[in-house]
Amino acid sequence: MNQSRYEISDDADVLNQEIDDTNFPRSNSSLGNGSVSSLNGFGGGTTAFAARRRSSSLRKTESESFDDESGQQQPPEANGTGETNGTATDNTATAAGPGVNRAEPAPLRTTSFSGHEKCTFHHDLELDHKPSTREDLLPLMSRSYRMLLSSLGEDPERQGLLKTPERAAKAMLFFTKGYDQSLEEALNGAVFDEDHDEMVVVKDIEMFSMCEHHLVPFYGKVSIGYLPCKKILGLSKLARIVEIFSRRLQVQERLTKQIAVAVTQAVQPAGVAVIIEGVHMCMVMRGVQKINSKTVTSTMLGVFRDDPKTREEFLTLCNNK
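Throughout, a residue's number is its position along its own chain's written sequence, starting from 1. The predicted origin of the model limits local features to residues at a pLDDT of at least 70 and limits the giving and counting of side-chain atom pairs to 80 or more, whereas totals for whole chains, interfaces and linings rest on all residues. With hydrogens and water excluded, all non-hydrogen atoms of the structure serve as input to the side-chain values.

**A few points about the pairing of strand S6 (residues 200-211)**
Link 1 in the chain: What makes two strands pair is DSSP finding at least two bridges between them. Numbering of helices and strands starts at the N terminus; helices are DSSP runs of H or I of at least 4 residues and strands are runs of E of at least 2. Pairing geometry for S6 and strand S7 (residues 217-227), over nine bridges, is antiparallel. Bridge pairing links Met207 to Gly220 in S7.
Link 2 in the chain: The hairpin formed by S6 and S7 contains five residues between the paired strands, and Leu215 there has a positive phi angle of roughly 55 degrees.
Link 3 in the chain: Judged from the two bridges that link them, S6 and strand S9 (residues 249-250) form a sheet pairing that is parallel. The residue bridging Cys211 from the neighbouring strand is Gln250, located in S9.

**As for the sheet that holds S6**
Hydrogen bonding along the main chain pairs the strands of a sheet, whether they run parallel or antiparallel.
Link 1 in the chain: Within the open sheet, the five strands sit side by side as S9-S6-S7-S10-S11. Their pairing is mixed. A single partner strand is all that each edge strand has here, and the edge strands are S9 and strand S11 (295-302).
Link 2 in the chain: Note: strand S10 (residues 271-280) against S11, eight bridges, orientation antiparallel. Each residue of the ladder has a partner; that of Glu277, found in S11, is Val296.
Link 3 in the chain: Docked against the sheet, helix H7 (residues 235-246) engages S6, S7 and S9, running at close to 20 degrees with respect to S6. The contact criterion used is simple: two residues touch if any of their non-hydrogen atoms lie within 4.5 Å. Note on definitions: angles span 0 to 180 degrees between N-to-C directions of axes, and those axes are lines fitted to C-alpha atoms, for helices only across the stretch in contact.

**A closer look at the packing of helix H4 (residues 138-151) against helix H5 (residues 164-175)**
Link 1 in the chain: Two elements in contact, H4 and H5, have axes whose closest approach is 8 Å; the angle formed by their N-to-C orientations is 120 degrees. Considered as vectors, H4 and H5 are oriented oblique to each other. Note that H4 runs across H5; the crossing there is right-handed. Of H5, the residues touching H4 (which contributes Leu138, Met141, Ser142, Tyr145, Arg146 and Leu149) are Thr164, Pro165, Glu166, Ala168, Ala169, Lys170, Met172 and Leu173.
Link 2 in the chain: The residue classification treats Ala, Val, Leu, Ile, Met, Phe, Trp, Tyr, Cys and Pro as nonpolar and Asp, Glu, Lys and Arg as charged. All others, Gly included, are polar. Tallied by class, residues from the contact of H4 with H5 come to nine nonpolar, two polar and three charged. Here roughly perpendicular refers to angles of 65 to 115 degrees, roughly parallel to angles under 35, roughly antiparallel to angles over 145, and oblique to all remaining angles. For any pair of crossing helices, the crossing counts as left-handed if the nearer helix is rotated counterclockwise from the farther one by less than a right angle, and right-handed if it is rotated clockwise.

**Quick word on the environment of His280**
Link 1 in the chain: Structurally, the position occupied by His280 is in strand S10.
Link 2 in the chain: Excluding residues that lie within four positions of it along the chain, His280 makes contacts with Pro217, Phe218, Gln252 and Thr295.

**Side note on unusual backbone geometry**
Both trends apply: most residues other than glycine have a negative phi, and most peptide bonds are in trans.
Link 1 in the chain: Its identity as a non-glycine residue notwithstanding, Lys230 has a phi of 70 degrees, on the positive side.
Link 2 in the chain: By the element assignment, Lys230 lies in the loop between S7 and strand S8 (231-233).
Link 3 in the chain: Despite not being glycine, Gln268 shows a phi value in the positive range, around 45 degrees.
Link 4 in the chain: The classification of residues rests on relative accessible area computed with a 1.4 Å probe and restricted to protein chains. Under 20% of the type maximum is buried, over 50% is exposed, and intermediate values are partly exposed. For Gln268, a relative accessible area of 45% puts it in the partly exposed group.

**Points about the confidence of the model for the chain**
Link 1 in the chain: Here pLDDT means the predictor's own confidence in every residue, given as a number from 0 to 100. For the chain, per-residue confidence averages 75 on the pLDDT scale, and 59% of positions sit at 70 or higher.
Link 2 in the chain: Here residues 1-9 scores under 50 on pLDDT; set against residues more than four positions off or in separate chains, the count is 31 contacts.
Link 3 in the chain: Within the model, the stretch residues 18-71 combines pLDDT values under 50 with 94 contacts to residues more than four positions away or in other chains.

**Observations regarding the nonpolar core**
Link 1 in the chain: Each nonpolar core is a collection of buried residues, namely Ala, Val, Leu, Ile, Met, Phe, Trp, Tyr and Cys, held together in the definition by side-chain atoms within 4.5 Å. If you look at the biggest cluster of nonpolar residues, it comprises 32 residues, and the most contacted ones within it are Val222, Ile224, Ile241 and Ile259.
Link 2 in the chain: The greatest single-element share of this core, amounting to seven residues, is contributed by helix H8 (residues 252-267).
Link 3 in the chain: Excluding residues that lie within four positions of it along the chain, Ile241 makes contacts with Leu183, Leu187, Leu233, Ile259, Ala262 and Val263.
Link 4 in the chain: Membership of the second largest hydrophobic core comes to eight residues, among which are Met199, Ala273, Met300 and Phe304.

What follows is the structure in structure tokens.
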């Protein structure tokens, strides 16, 4: 007698292996499906993942019985209801070759979650989960700060330190909130067509950032100038660009260039110039402890780099009080 048995495999382990921290992009609203596919670690994205599930969801176990004398497989026996033994009503047995009876697999269950059809985070519509937010990191970060206090010999349970780990975690999330922001969100469409080709300068924009080498602050002022090419940018958006890139773990040299490149991407000007003057607490309150030292960095792009007169005009405007 032939018996065909299908076992539905438990895909929980497969899903847990596929879903890891790389599926939680930081600046997530601007990523397309292609970016998400590369972050997930397999080029096909949703299609490749679904194909793997389809190929591994059914595992066929067959036991064939043969007639001892003829060596031929015995035909399936019919029961009283007209159905063959070992085959469900929904899965009609079909001949797949001599001596083998295969059942048509039941279609995979798919569930539609309204509002998630175009979600770039989900691998497929069977997974009804949400991407993590930075606030979800608070418990883990609080435990880390609590461990740090204990390592310093402090008592995390005393009144003054009881809520310090949570406060410190929230403060660090605020100091690095730029990771959650994108250039498109900051501009918010504030790019305007204007027949203006003279220099625009916004100077002395306050800046606060975190040194990525010591996790202590550095702060200062940013001056930005650009030469428009028929497009201008809302003045407050220059300050917002500074905020996006300064609210991260940074070094001043990279921060200067990131601001200049962002302005270039926003309005495609003839040139961009950025100067930052910063005070680094890693030089003030530790190490060499030089409290009056200041660090100045600059990035010149386009005509500001190529034309000395344009560069001199910008520097003159920045130095005028």
